[in-house]
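Below, each chain spelled out in residue letters.
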Amino acid sequence: MRAVAVVGASLAGVETARALREQGFDGRLTVVGDEDRLPYDRPPLSKEYLLGKAETDDLALLDGDDEDRLGIDWRLGVRATGLDLRRRAVELADGTEITADAVVVATGAAPNRLPGTAGLEGVHVLRSLTDADALRADLAAGSPRVAVIGGSFIGAEIASACSVLGLETTVVEALDTPMEPVLGPRVARVAAGLHGDNGVRLLRGVPVSGIRGIGRVTGVDLADGTVVPADVVVMGIGAKPATAWLEGSGLELDDGVVCDTGLLTAAGGVAAVGDVARLRGADGTSTRPEHWTAAAQQPAVAAANLLAGTALQEYRRAPYFWSDQYGVRLQFAGRAAPGDEVRVVEGALEEYAFAAVYERDGAVTAAAAMDRPRSFTRLRRGIGRAAAPV
Ligand code: FAD
């Protein structure tokens, strides 16, 4: 193999480049990214960076040695607009194209936005460093009242940062208990308690019906008639895989780029990794883990399979993520389902300091912890194949 093109210059893209070189690929390696900066890490954007405790340099995913070792031909600040599968040519917005023997799709996901919010000042999403800079500036201007729409992980972290900044903050969540689909009802109720205990108002079970303001946002309307006055609104309502550029390419798209458990698509020589990749198992079930660890680990498998020309390896790790909220580190691994029993093995849920397992028919399906990293690591090891992705 003489040339590989990686599309998406973030965690999964960088780790793909690293894995290819580590596995002996010495050909031309091009990485395309639509952001006009070198790859950076996203988790701190809703944590230390928002609080001004980390700066741009702290987020770099590459150090100086990497630059030399990886020998990447960067194409930054330019969007991929299409993929010609027959020629394995990546078409770019500047009218040029990159042909390669293999293409890796690592375009991640783009944040969802409520309709009618484009151009309204004070309304934010948080996915990129540019988004974080805009939000950070708005939070520092006066003492804005903040409404966070969506109480899932990123929304909860933003609310947590706002509370540390001393801002009047309201979280608006459509579900009765935020994060319940992932954490299950018992642990999700505990996590929801963090908001109130830290002075953040949580309005739950009511969807947003609209955003108020002409030119600049003034508040959020809820379906039950409640109005939440706000000078800054942040939408933390999930993200969609960035696949628009692949429409019509012939790659199978289904809420992500469909690939096998070896990260290879049905089109030879094309792999998908990270948030954009939907892994489909032999039984037809599929998953798209949108977590840092998956984006960091999948590339080694994808690189091995691309270089071998066949799916020699599978990515079969149980999903894992962490989230830092209100000074508490929440960790979760595995896959909990409705009806799983939660058994606390250490600490106490109500103290926000515990390690617990989820069990079904006597088998452990998942583990969760707050501020118990060591116990959590031990429990995580015990999560078997039942909790593997597909
Ligand atoms: P991305 O990081 O989304 O990168 C994709 C890149 O491709 C982007 O640079 C994008 O601009 C670019 N791109 C998209 N389309 C094109 C195109 N057509 N042409 C060229 N380039 C394109 N996970 C955890 O487990 N724990 C956490 O605490 C945590 N915190 C997070 C906090 C924030 C604010 C965010 C946004 C994410 C967080 N995550 C966390 C998730 C984690 O960061 C992601 O899973 C990870 O970034 C996915 O990496 P990726 O490379 O697949 O995609």
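Residues numbered from 1 in each chain as written. Predicted model: local features only at pLDDT ≥ 70, side-chain atom pairs only at ≥ 80, totals over all residues. Heavy atoms only, no water.

Enquirer: How should I be thinking about the site of the ligand in this particular structure?
Expert: What surrounds the ligand is a group of 33 residues, the closest being Asp34, Glu35, Arg42, Lys47 and Arg127. Take Trp322: an N or O atom from its main chain is 2.9 Å from a nitrogen atom of the ligand. Compared with its free state, where it exposes 1000 Å², the ligand has 93% of that area covered by protein. Tallied by class, residues from the shell around the ligand come to 16 nonpolar, eight polar and nine charged. A domain split of the shell around the ligand shows at least three residues from each of domain 1 (3-110 + 240-308) and domain 2 (113-237). (Near = heavy atom within 4 Å. Polar contact = N/O pair within 3.5 Å; in protein donor to acceptor, adjacent residues only side chain to side chain. Areas by Shrake-Rupley, 256 points an atom, 1.4 Å probe, with all protein chains shown as cover. Nonpolar A, V, L, I, M, F, W, Y, C, P; charged D, E, K, R; others polar. Domains from an automatic or database assignment.)

Enquirer: Just to check I follow, could you spell out the UniProt feature "domain: FAD/NAD(P)-binding" (unreviewed entry) in the chain for this structure?
Expert: As annotated in UniProt, the feature "domain: FAD/NAD(P)-binding" (unreviewed entry) corresponds to residues 3-298 in the numbering used here. As annotated, residues 3-298 comprises 23% helix and 29% strand, and the C-alpha atoms at either end are separated by 20 Å. (UniProt positions renumbered as here; feature names shortened; annotations may be inferred. Helix = DSSP H or I, 4+ residues; strand = E, 2+ residues; numbered from the N terminus.)

Enquirer: Before we go on, may I ask you to explain unusual backbone geometry in this structure?
Expert: Negative phi characterises most residues that are not glycine, and trans characterises most peptide bonds. One non-glycine residue, Tyr326, adopts positive backbone phi at about 55°. Residue placement: Tyr326 occurs in the loop between β22 (320-325) and β23 (328-334). Judged by its relative accessible area of 11%, Tyr326 falls in the buried class. Backbone geometry places Tyr352, a non-glycine residue, at a positive phi of 55°. Among the structural elements, Tyr352 can be located in the loop between β24 (341-348) and β25 (353-360). (Buried < 20%, exposed > 50% of the residue type's maximum accessible area, 1.4 Å probe, protein only.)

Enquirer: Before we go on, may I ask you to explain the side chain of Ser249 in this structure?
Expert: Inspection of the secondary structure assignment puts Ser249 in the loop between β17 (239-241) and β18 (257-259). For Ser249, the side chain forms a polar contact with the main-chain nitrogen of Leu251, separated by 3.2 Å. Ignoring anything within four residues of it in the chain, the contact list for Ser249 reads Leu83 and Leu85. (Contact = heavy atoms within 4.5 Å.)

Enquirer: Before we go on, may I ask you to explain the nonpolar core in this structure?
Expert: One recurring pattern in soluble globular proteins: nonpolar side chains tend to sit buried together. Of all hydrophobic cores here, the largest spans 55 residues; its most connected members are Val4, Leu29, Val90, Val105, Trp245, Leu251 and Leu263. Apart from the residues lying within four places of it in its own chain, the contact partners of Leu251 are Leu83, Leu85, Val105, Leu246, Val257, Thr265, Ala267 and Val270. Among the nonpolar cores identified, the runner-up in size contains 46 residues, and Tyr326, Val342, Ala368 and Met370 belong to it. (Core = buried A, V, L, I, M, F, W, Y, C linked by side-chain atoms within 4.5 Å.)

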